[in-house]
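Chain residues, written in single-letter form:
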Amino acid sequence: MRVNELVRPDQHRPCAFEVSSSWPVFRPLARFLGSVSGATEVRRGGNWFSGDENRAYFLFHGVPFVVWEPWGDSSRYWIGPADTTAAAPDLGPLMQAFREY
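Keep in mind that what you see is a predicted model, and the values were worked out from it rather than measured.

> Kindly report on the packing of aromatic side chains, identifying the contributing residues and their values.
What the rule picks out here adds up to six aromatic pairs. Summarising the aromatic geometry, the rings of Phe-32 and Phe-98 are spaced 4.8 Å apart at their centres and angled 75° between planes, so their arrangement reads as edge-to-face. Taken as a pair, Phe-32 in helix 1 (residues 27-34) and Phe-98 in helix 2 (residues 92-100) lie far apart in primary sequence, 66 residues in all. By relative accessible area, which is 11% here, Phe-32 ends up buried. Taking 4.9 Å as the distance between ring centres and 65° as the angle between the ring planes, the aromatic pair formed by Phe-32 and Tyr-101 counts as edge-to-face. Here Phe-32 is found in helix 1, whereas its partner Tyr-101 is found in the segment after helix 2, with 69 residues between them in sequence. Just above the ring of Tyr-57 sits the side chain of Arg-43; from NZ or CZ to the centre is 4.2 Å.

> Kindly report on the confidence of the model for the chain, identifying the contributing residues and their values.
Here the chain averages 86 in pLDDT, while 87% of its residues score no lower than 70. Of all helices and strands in the chain, the one with the weakest mean pLDDT is helix 1 (86), whereas strand 5 (residues 63-68) scores best (94).

> Describe the pattern of salt bridges, and please don't skip the residues or the numbers.
Summed over all chains, the structure comprises three salt bridges. As a salt-bridge pair, Arg-99 and Glu-5 come within 2.9 Å of each other at their nearest N and O atoms. With a gap of 94 residues between them, Arg-99 in helix 2 and Glu-5 in strand 1 (residues 3-6) connect regions that are remote in the sequence. For Arg-76, the salt bridge identified is with Glu-18, shortest N-O distance 2.9 Å. Of this pair, Arg-76 sits in strand 6 (residues 76-81) while Glu-18 sits in strand 2 (residues 16-20), placing them 58 residues apart in sequence.

Thresholds, definitions, all that
- Residues numbered from 1 in each chain as written.
- Predicted model: local features only at pLDDT ≥ 70, side-chain atom pairs only at ≥ 80, totals over all residues.
- Heavy atoms only, no water.
- Phe/Tyr/Trp six-rings, centres within 6.5 Å; stacked < 30°, edge-to-face > 60°.
- Helix = DSSP H or I, 4+ residues; strand = E, 2+ residues; numbered from the N terminus.
- Buried < 20%, exposed > 50% of the residue type's maximum accessible area, 1.4 Å probe, protein only.
- Lys NZ or Arg CZ within 6 Å of the ring centre and 35° of its normal.
- pLDDT = per-residue confidence, 0-100.
- Salt bridge = Lys/Arg side-chain N within 4 Å of Asp/Glu carboxyl O.

Take a look at the structure:
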């Protein structure tokens with residue numbers, strides 16, 4: 001899967017990333033996240049009818065993360081810390097898992 005790294009201008013490592021939204025249903029996404037080393041407490045988020053654009057919630061190395069689908073119907077998912085101002089842990093292993101999917 002293609003991964004687009006997102007880097008803040010004042011940082012030198014990714015703070016979040018985007019992947020194509022290839023999951024028409026979110027149970028497989030949650031299962032996949034649960035298989036990634038460092039990802040825990042994975043739960044599904046909202047659906048198209050709930051108004052919650054976060055498709056999944058999880059902890060990555062103890063930091064709350066979300067899988068966000070902008071406008072609830074986008075071609076990409078944004079994956080990063082729930083608190084966008086917080087420093088993200090090393091996203092390398094998480095991004096690599098998506099690349100290998």
